[in-house]
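# Breakdown of the fold
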Amino acid sequence: MSDDAGELTALAVRASMDGLAGLAVLVFDRDLKVLDVYGGALARHGYDPVRMVGRPAGDALDAAVWQPLAALCERALAGETFAVDRIAQDAIAVYAVTIAPLEVDGQIVGGAITAHEVSELRRVQREEEELRLQWQLSFDSTHRGIMLTDPATNVIQRVNSAFAFDHGGRPADFAGRPLAEVFSPAAQERVAEFADFVNRDGYLRYETEHIRLDGSTFPVDTEVVAARAEAGRLLYRVAYVSDITEQKAREASERQAVTLFATALDKAPIGMCLIGLDGRFLRVNEALCRLAGRSEDELLDFTFQELTHPDDVQKDLTLYHECLRAQRAGYEIDKRYVRSDGEVIEARLSVSLIRDGAGVPVHFVCQIVDLTERSRLEEQLEASIRIARDLLSDVGEDSLRHIAGEAAAISRADRVLALLPTRDPDHLQVAVAVGDDVTALSGAYVDMNGTLTGQVARSGEALMLDGETATAAAAVEVHFAPAGGIGPSMIVPLLAEHGPRGVLAISRNPGRPAFAPADLELAKAFAQQAAVALELADARELAQQVELLEDRDRIARDLHDHVIQRLFAAGLTMQAMASALEPAQAERLSRCIADIDETITQIRSAIYGLRTPLGPTVNSTRDRLLQVLADVTPLLPSAPVVQFAGPLDVMLADDLVDDLIAVLREALTNVARHAQAASVRVGITAGIENRTLRVEVIDDGVGLGESGRRSGLANLRKRAEGRGGSFEVESAPAGGTRVSWVAPIR
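In this report, the structure presented in the accompanying data block is examined. Sequence order as written defines the numbering, with residues in each chain counted from 1. Under the rules for a predicted model, residues below a pLDDT of 70 receive no local features and side-chain atom pairs below 80 are neither given nor counted, while totals for whole chains, interfaces and linings still include all residues. Processing note: side-chain calculations cover all non-hydrogen atoms of the structure and skip hydrogens and water entirely.

Pairing between two strands is assigned when DSSP locates at least 2 bridges connecting them. Here a helix means four or more residues in a row that DSSP labels H or I, a strand means two or more in a row labelled E, and each is numbered from the N terminus. An order of β22-β23-β24-β26-β25 is seen for the five strands of this open sheet, with the pairing classed as mixed. Unpaired on one side and paired on the other, β22 (641-645) and β25 (726-731) mark the two borders of the sheet. If you compare each strand with its neighbour and ignore which way they point, the axes differ by 10 degrees on average. Taken together, the eight bridges between strand β24 (residues 692-699) and strand β26 (residues 737-744) define a ladder with antiparallel strand orientation. In the sheet register, Val-695 faces β26, and the bridge partner there is Trp-741. Sitting on the sheet, helix α22 (residues 654-675) touches β23 (680-686), β24 and β26, and the angle it makes with β24 is about 10 degrees. Interaxial angles span 0 to 180 degrees and are taken between N-to-C directions of axes, which are lines fitted to C-alpha atoms, for helices over the stretch in contact. The contact criterion used throughout is that any non-hydrogen atoms of two residues lie within 4.5 Å.

As structure tokens, then:
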């Protein structure tokens, strides 16, 4: 480029710079003399750039402008650079002033003062500073915790005092800590999830749990906002954190109050409900469902008018509308309800109208007391009086049947059975059966083992069964298996002074309401009366036995003191007479004397029989069978394995027991004599349903063989056939012999 071109370019640049009203440049030499000036700002503030050149800077500039800059210019000639803000003397602009040295070939030859107008920039900066100060004031003084976090590292940048206070520390305790450390251990696993969501979507509100520096935890409500630059770059996250411990406590208290009310309503022993302003049921409890004979879902489809007896609807509606018109706050009346099965229930209704804070009606709260229970108690009292009168007049099976019938009527049951112990400790027997479908069960046996009836009889603890449980029990307890199925049931022990004396089994048909606790208490009362009846029967039987023994003792004394002595005296007289008679007559008289002696002997035997105590003198059937086994066991190589089944002690007549003893003894004796067996198994079963007695003796000996006397087996066959039964003897599948003797039980 030529010198002329370079000069033109320099002139053009200078002209451009002179045209900039916001720029001023002053170049000075080492003597602080102005070498050159340019830029439009000087003329704007009244300076003449031409006149300034060649003059000392202190003369070229106003004193107010130069004095703050003089020392800085001196230092610039020593190589320092400075940047300061200055306000123009006429206060119309703010300039950013730079004072720097000028070097030529490494030597400082002077300096330059460069001023750029920054009025707008400083205004914006002041506004931003004011905003920053306002935000800082809000940040520091707000009662809501604030936390700033780095979106890249999830590290806390700063927190305010409220946040630090809630977390048990100072703001400095949290800056630089990982974000996860303020979350409770249970909530820490979701920190990354929350952070990622805010980074992506810019906003999130959630409830979680934070941890204080002392290790305690507390619930917080958190709003997180992502702060971004104008270009969208994520700068930081701002989390607004509120301690909601009190809120949660208040909500918990409200929930508890609601729960308590709901529990009080749902579990109340009387019927309770909420009814809408249109008369429709809004909420009902279990007691009301039982009273109405309908499920909760069914009741919620009804209005109270539809369940009310037609003759009582208008009376109820009149009071109902008076409440809505604010003429009364509530009312109480006796009214009737109609159950789903058509039964009419008498009840006492108490109604209260609930209003909101503004006094607007919301709904009704109703309490319904079933007065039929009172009627049932009156019926129970009358029944108890009748039963007591019955027990005082006479005690017998009719008394037990009377009690069972009263229990069925008062408890609204469809069947009641009284089961009493037998001589067999493992079985009960149905003594009384009340109900159209169970009359045939009278005399039936019920196993005590593995049955709910046996459990109650042994433990003395009553049971209440729903329909499903009772149906399952029917598989093994015959009194729970009527033709039409079984519904809700109760099994109640007959508790006497020395323990249970049997049970009362009370049940309803399928689909009928379950028994209430009051029904169980009622059943216990009748069971107690039944137990008293049994105790009275035992006492009267004992009294009769004592009276009979006293009569026998009196008769024995009379026979001994009067009859025998007179016969003995007559015999002595006849002996004295015989010596004076002819031989033939004396022989006849001697025979008479012998007859008198025989008569005396027979009378004495009768006296001994009269003085024998009443009651059984033989052991039970099982005891007799065990005695046979004890007698034969020494003849066998090992003790037999024995299994009894069924009520042997109560089902078998004495003559059948005698045959059973004989059969068992003969079968075991044959094994001992002929079988050469190492082991023997004995099974004796009294079948309740088929009323059959079965005896099986199986050994592992040599088997039947080809010959030998079998008179013993013939006797067994004869005993079986004589009773209409059967007898089989055959080789056992695994070797040895199997003997089977079967006879019907009549």
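By the element assignment, Val-84 lies in strand β3 (residues 82-87). Overall, the relative accessible area of 28% leaves Val-84 in the partly exposed class. The sequence separation of Val-84 and Tyr-95 amounts to 11 residues, and the corresponding C-alpha distance is 8.3 Å. Aside from chain neighbours lying at most four places away, what touches Val-84 is Leu-72, Tyr-95, Ala-96 and Val-97. Only protein chains enter the calculation, and the probe is 1.4 Å; a residue is then buried if its accessible area is under 20% of its type maximum, exposed if over 50%, and partly exposed in between.

Taken together, the five strands give an open sheet; going across it, the order is β12-β11-β15-β14-β13, and neighbouring strands pair in antiparallel fashion. Bordering the open sheet on either side are β12 (281-284) and β13 (330-338), each of which pairs with just one other strand. Averaged over all pairs of adjacent strands, the angle between strand axes in this sheet comes to 30 degrees, irrespective of strand direction. Both strand β14 (residues 344-355) and strand β15 (residues 361-370) contribute to a ladder of nine bridges, which runs antiparallel. Residue pairing in the sheet places Ser-350 in a bridge with Gln-367 of β15. Helix α9 (residues 245-267) rests against β11 (271-275) and β12 of the sheet, and its axis sits at about 80 degrees to β12. Contacting β13, β14 and β15, helix α13 (residues 313-324) crosses the sheet at an angle of about 150 degrees to β13.

This part takes up the pairing of strand β8 (residues 203-211). Of the two faces of β8, the one holding Leu-204, Tyr-206, Thr-208 and His-210 is buried and the one holding Tyr-203, Arg-205, Glu-207, Glu-209 and Ile-211 is not buried anywhere. Examined bridge by bridge, β8 and strand β9 (residues 217-228) share nine bridges and lie antiparallel to one another. Paired with Arg-205 across the bridge in β9 is Glu-223. Connecting β8 to the next strand, β9, in antiparallel fashion are five residues, including Gly-215 with a positive phi near 95 degrees.

Take the residue count of a helix, subtract one, and multiply by 1.5 Å to get its expected span. Its 14 residues give helix α5 (residues 63-76) an end-to-end C-alpha distance of 19 Å, which sits within 8% of 20 Å, the value for a rise of 1.5 Å per residue. Along α5, the helix axis deviates most sharply at Leu-69, where the bend reaches about 40 degrees. Turning to α5, its buried residues number three or more, namely Trp-66, Leu-69, Ala-70, Leu-72, Cys-73 and Ala-76. Bending is quantified residue by residue as the angle between axes fitted to the seven-residue window ending at that residue and the seven-residue window starting at it.

Before going further, it helps to examine a negative patch on the surface. Taken together, the side chains of Glu-296, Asp-297, Glu-298 and Asp-301 present a region of like negative charge at the surface. Following the sequence through the fold, Glu-298 ends up in helix α11 (residues 296-299). Residue Glu-298 is classed as partly exposed on the basis of its relative accessible area, which comes to 41%. Here the term patch refers to residues with relative accessible area over 30% and no salt bridge, with like charges joined within 9 Å and nonpolar side chains (Val, Leu, Ile, Met, Phe, Trp, Tyr) within 5 Å. Note on areas: these come from Shrake-Rupley sampling with a 1.4 Å probe, and a residue is covered only by the protein chains present in the view. Salt bridge criterion: a side-chain nitrogen from Lys or Arg within 4 Å of a carboxyl oxygen from Asp or Glu. Positive: Lys, Arg. Negative: Asp, Glu. His and the chain ends are not part of the count. Every charge is mapped onto a representative atom, which is NZ of Lys, CZ of Arg, CG of Asp or CD of Glu.

Within helix α8 (residues 191-201), the full set of buried residues consists of Val-191, Phe-194, Ala-195 and Val-198. An end-on view of α8 places all buried positions within 95 degrees of arc, on one side of the element. The inward-facing, buried residues of α8 contact β8, β9 and β10 (234-243). After α8 finishes, the residue Gly-202 shows a positive phi value of roughly 90 degrees. Summarising the geometry, the arc corresponds to the directions from the helix axis toward the C-beta atoms.

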